[in-house]
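Read off the chains here:
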Amino acid sequence: MVAPLLEIRDLQASAGERPVLRGLTLSVRAGEVHAIMGPNGSGKSTLAHVLAGREGTKVTGGTALYQGRDLLALAPEDRAREGVFLAFQYPVEIPGVSNVYFLKAALNAIRRHRGEPEMDAADFLVHVRERARLVQMSEALLQRPVNEGFSGGEKKRNEILQMAVLDPRLSILDETDSGLDIDALKVVADGINALRRPDRAMVLITHYQRLLSYVVPDRVHVLADGQLVRSGGKELALELEERGYGFLAGNGSGGAGPGVTGPEVTG
Amino acid sequence: MASPETIHALATKEYPYGFSSDIAEETAPRGLSEEIVRLISRKKGEPDWMTEWRLKAYRHWLTMEEPRWANVRYGPINYQDIIYYAAPKPKGSGPKSLDEVDPEVLKMFDKLGIPLHEREKLAGVAVDAVVDSVSVATTFKKKLSEMGIVFCSFSEAVREHGDLVRRYLGTVVPANDNFFAALNSAVFSDGSFCYVPKGVRCPMELSTYFRINAADTGQFERTLIITEEGASVSYLEGCTAPKRDKNQLHAAVVELIALDDAQIKYSTVQNWYPGDKEGRGGIYNFVTKRGACRGRNSRISWTQVETGSAITWKYPSCILQGENSVGEFYSVAVVNNRQQADTGTKMIHIGKNTKSTIISKGISAGRGQNTYRGLVRIQRGAEGARNYSQCDSLLIGETCGAHTFPYLDVQNPSGQVEHEASTSKIGEDQLFYLRQRGLSPEDAVNLIVNGFCKRVFKELPMEFAVEAQKLLAVSLEGSVG
């Protein structure tokens, strides 16, 4: 068998002083889409931040190999250049910098890293238009300053557009579905589906099942208290929707809490 | 736009213009006296009225005190230890053609990316090249003179266009205006003169490139630009200096005059040597710049990108006399390491329905201290005057400072004045976001900074906007990571 694209073993990490991940093990192969679900505070976002190399998170044990290499030893920009993409839960505004200029700079940084020639402005425009079409997004977003004055839905769509343009091998989508109305959710889901490829893996971090109605995962994992407590096929998401996270934490029987499609779930 | 690659290449460089050239120089003895003032005037072959004008300024200067109100700190300046006149040989009146220019001087400008040879001239830009105290070459002179435009060194203007110089010199910045303006008026050595006659739009950018080369000299250039009725011109100045351990004084005066319906756009890319990381050496940039919108519907626009100098003290201002006249000030000021800047503008509304806009972007990094100081005055007769000011500060790191001193003086109740200000820090979340997309920390900072300055860069002529971006990258080198 082919080695996994991402292999996490017994990962332990803290955010600030607080231990959050307590021995997480996960293996993701190229072509697969994994969903990681879990209640608030279970460590979902910390996992995303650790994999992307955000300051403020600290790995205290375990390993994460990406394409067989120690992912955790790389600087954030080197992880990105090696093909790791994080769709942010809260995309950041960069006033005065147009999306298209920023993306060209980013793509060329990645291409240089790969030893490929840089794209000039004309070639880049062709590329970016083609990618925007693929994820069915308007080019209007491209000329605006990065996320500045964007609605919540536009910010999330912009993350998918960036993913399409930068062509990563491993995408981690951190609650990309949160705060979206149903129309926006469908646009984002269609974009994600359009980018599924045999050589690309995706990890969808989500609180709710509803995204998974549109993006059908190969595997679903439940994260609780810093560990994956259950893994299964796509049907696991439905089970969670029916029973809530409560039964997993062992502090109540099924149906005790609100469903995972509800507005707020505590673990 | 500059690609991040060029920015990166530049970001890893140190001050790239720090070389000095081995040019044969003729210098005056150290120190300042009436004798020195006369010597400078004599070297330039000036008429008596000019010599007298200088001497009057000198005598007044002796009665003045160096201003200390600016938010900058530096040790005492010994005015007797400065060389007030240095000229590359051949001396005095300046060469008549490029063939007479010292090849070392031409080489120096080539190295600076400013080719003066006719065959390689910057397309569409006429350049006056000033080294130390004299102008060494002015390009495109003939083409411009066919349209009646005078563009030449100040020395030449005094000799060839004495009536014009005499009519306007000191009418915007009087010789006794302030300590440094008085000093300049006494010892100014060269600079550029530009006159655009009635109804003529200057077809190309005019540019002066100032270069300090000699050690221990001060540079005191003087620029005078006059646009008659309906005329317009866009003018750009650039400045560099070699790395030297000792501070060097640069005290320039710029006067702009716009008559009815005339426009002047004055852009500066100031990149004097800023000193080293510990604050040793660097230029003291103490400059008086002022424009008078004398005519109706006239417009004067200042755009400055200030990245160099150890200390900057500079307030390009507009006196809005003519009805409906417009004054604009767009500024980017960067301080890194131990640099200090106290810069801003004055907008003096005198005429009816005059308008002014102030956009100031201050960037502080390292241990730099950046001060915006601005005055908006709406005088009693300035019915319907309006001002909009926006002053934004961006901080990089924990050890720098940003300060804002906006002064408002509204004497006419119909005046409208708006002021917006912000201070922000480059955030970890912004940096992380950009790095997660593959940008190095340095490129990420440059991108954020360029976005921050965009409103001002838009005002620069295209090719200089690119230059300005590169400069910013060099100036902020080492500010993160």
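Here the structure is shown first, and the text comes after it.
What counts and what doesn't
Residues numbered from 1 in each chain as written. Chains lettered and ligands numbered in written order. Predicted model: local features only at pLDDT ≥ 70, side-chain atom pairs only at ≥ 80, totals over all residues. Heavy atoms only, no water. Core = buried A, V, L, I, M, F, W, Y, C linked by side-chain atoms within 4.5 Å. Buried < 20%, exposed > 50% of the residue type's maximum accessible area, 1.4 Å probe, protein only. Contact = heavy atoms within 4.5 Å. Helix = DSSP H or I, 4+ residues; strand = E, 2+ residues; numbered from the N terminus. Expected span 1.5 Å × (residues − 1). Pairing = 2+ DSSP bridges. Axes fitted to C-alpha atoms, helices over the stretch in contact; angles between N-to-C directions. Phe/Tyr/Trp six-rings, centres within 6.5 Å; stacked < 30°, edge-to-face > 60°. Lys NZ or Arg CZ within 6 Å of the ring centre and 35° of its normal. Buried area = accessible area lost by both parts, 1.4 Å probe. Salt bridge = Lys/Arg side-chain N within 4 Å of Asp/Glu carboxyl O. Polar contact = N/O pair within 3.5 Å; in protein donor to acceptor, adjacent residues only side chain to side chain. Nonpolar A, V, L, I, M, F, W, Y, C, P; charged D, E, K, R; others polar.

1. Describing the nonpolar core
All names here are of chain B.
Phase 1 of the analysis: The biggest cluster of nonpolar side chains holds 109 residues, and the ones touching the most others in it are Ile363 and Val449.
Phase 2 of the analysis: If we skip the residues at most four places from it in the chain, Val449 touches Ile363, Leu394, Ile396, Ile426, Leu472 and Leu476.
Phase 3 of the analysis: Core analysis: the next-biggest nonpolar cluster, separate from the first, contains 35 residues, Ile77, Tyr84, Leu249 and Tyr284 among them.

2. Quick word on helix α6 (residues 152-166) of chain A
Phase 1 of the analysis: When the terminal C-alpha atoms of α6 of chain A are compared, their 21 Å separation across 15 residues agrees well with the 21 Å that a helix rising 1.5 Å per residue should span.
Phase 2 of the analysis: Counted residue by residue, α6 of chain A has 13 buried out of 15 residues, so it is predominantly covered.

3. Some thoughts on the sheet that holds strand β3 (residues 33-37) of chain A
All names here are of chain A.
Phase 1 of the analysis: Strands sit in the order β6-β9-β10-β3-β11-β12 across an open sheet of 6 strands; the sheet is mixed. The open sheet has two free edges, formed respectively by β6 (84-87) and β12 (227-232), since each of these has just one partner strand. Here the strands of the sheet are splayed against their neighbours by 20° on average, with no regard to which way each runs.
Phase 2 of the analysis: As defined by bridge partners, strand β11 (residues 219-224) adjoins β12 across 5 bridges and the pair is classed as antiparallel.

4. Here we look at unusual backbone geometry
Phase 1 of the analysis: Phi angles above zero are rare outside glycine, and Gln136 of chain A is one such case at about 50°.
Phase 2 of the analysis: Along the chain, the position of Gln136 of chain A falls in the loop between α4 (121-134) and α5 (140-143).
Phase 3 of the analysis: One non-glycine residue, Asn324 of chain B, adopts positive backbone phi at about 60°.
Phase 4 of the analysis: You can see Asn324 of chain B is positioned in the loop between β16 (317-320) and β17 (326-335).

5. What about the sheet that holds strand β5 (residues 69-70) of chain A?
Hydrogen bonding along the main chain pairs the strands of a sheet, whether they run parallel or antiparallel.
Residue and element names in this part refer to chain A.
Phase 1 of the analysis: Read across the open sheet, the 4 strands follow the order β2-β1-β4-β5; overall the sheet is antiparallel. A strand with exactly one partner marks an edge of an open sheet, and here the two such strands are β2 (18-28) and β5.
Phase 2 of the analysis: Where strand β1 (residues 6-15) and strand β4 (residues 57-66) come together, 8 bridges link them in antiparallel fashion. When the sheet's bridge partners are listed, Ala15 is paired in β4 with Thr57.
Phase 3 of the analysis: The sheet strands contacting helix α1 (residues 44-52) are β1, β2 and β4, and the helix crosses β1 at an angle near 110°.

6. Some remarks on the environment of Leu134 of chain A
Residue and element names in this part refer to chain A.
Phase 1 of the analysis: Examined against the element boundaries, Leu134 turns out to sit in helix α4.
Phase 2 of the analysis: What makes Leu134 partly exposed here is its relative accessible area of 34%.
Phase 3 of the analysis: Spatially, the C-alpha atom of Leu134 lies 9.5 Å from that of Asp190, the residues being 56 residues apart in sequence.

7. Here we look at the packing of aromatic side chains
Residues and elements named next belong to chain B.
Phase 1 of the analysis: Taken as a whole and assessed by the stated rule, the structure comprises 22 aromatic pairs over all chains.
Phase 2 of the analysis: Their ring planes at 90° and their centres at 5.1 Å tell us that Phe179 and Phe180 sit as a pair that is edge-to-face. Phe180 matches Phe179 in its accessibility class, with the two residues each being buried.
Phase 3 of the analysis: These aromatic residues form a ring-pair network of at least three members: Tyr58, Trp61, Trp69, Tyr74, Tyr79, Phe179, Phe180, Tyr284, Phe286, Trp313 and Tyr315.
Phase 4 of the analysis: Sitting above the plane of the Tyr74 ring, Arg68 keeps its charged end 4.1 Å from the centroid.
Phase 5 of the analysis: Here the guanidinium or amino end of Arg437 rests over the ring plane of Tyr433, the centre of that ring lying 4.9 Å away.

8. Here's the deal with the interface of chain B and chain A
Phase 1 of the analysis: Chain B puts 24 residues into the contact, and the matching count from chain A is 34 residues.
Phase 2 of the analysis: Surface buried jointly by chain B and chain A totals about 2,500 Å² across both partners, of which 62% is contributed by carbon and sulfur atoms.
Phase 3 of the analysis: On the chain B side of the contact with chain A, Phe432, Tyr433 and Arg437 of chain B bury the most area, a combined 32% of that side's loss.
Phase 4 of the analysis: A salt bridge links Arg437 of chain B to Glu159 of chain A, with the shortest nitrogen-to-oxygen separation between them at 2.6 Å.
Phase 5 of the analysis: At the boundary of chain B with chain A, the tally comes to 12 residue pairs in polar contact (both at pLDDT 80 or more).
Phase 6 of the analysis: For the side of chain B that touches chain A, the secondary-structure elements that each account for two or more residues are α1 (4-11), α9 (428-436) and α10 (441-457) of chain B.
Phase 7 of the analysis: Each residue belonging to the side of chain B that touches chain A can be placed in one class, and the counts come to 11 nonpolar, 6 polar and 7 charged.

Honestly, it's all geometry; don't read function into it.
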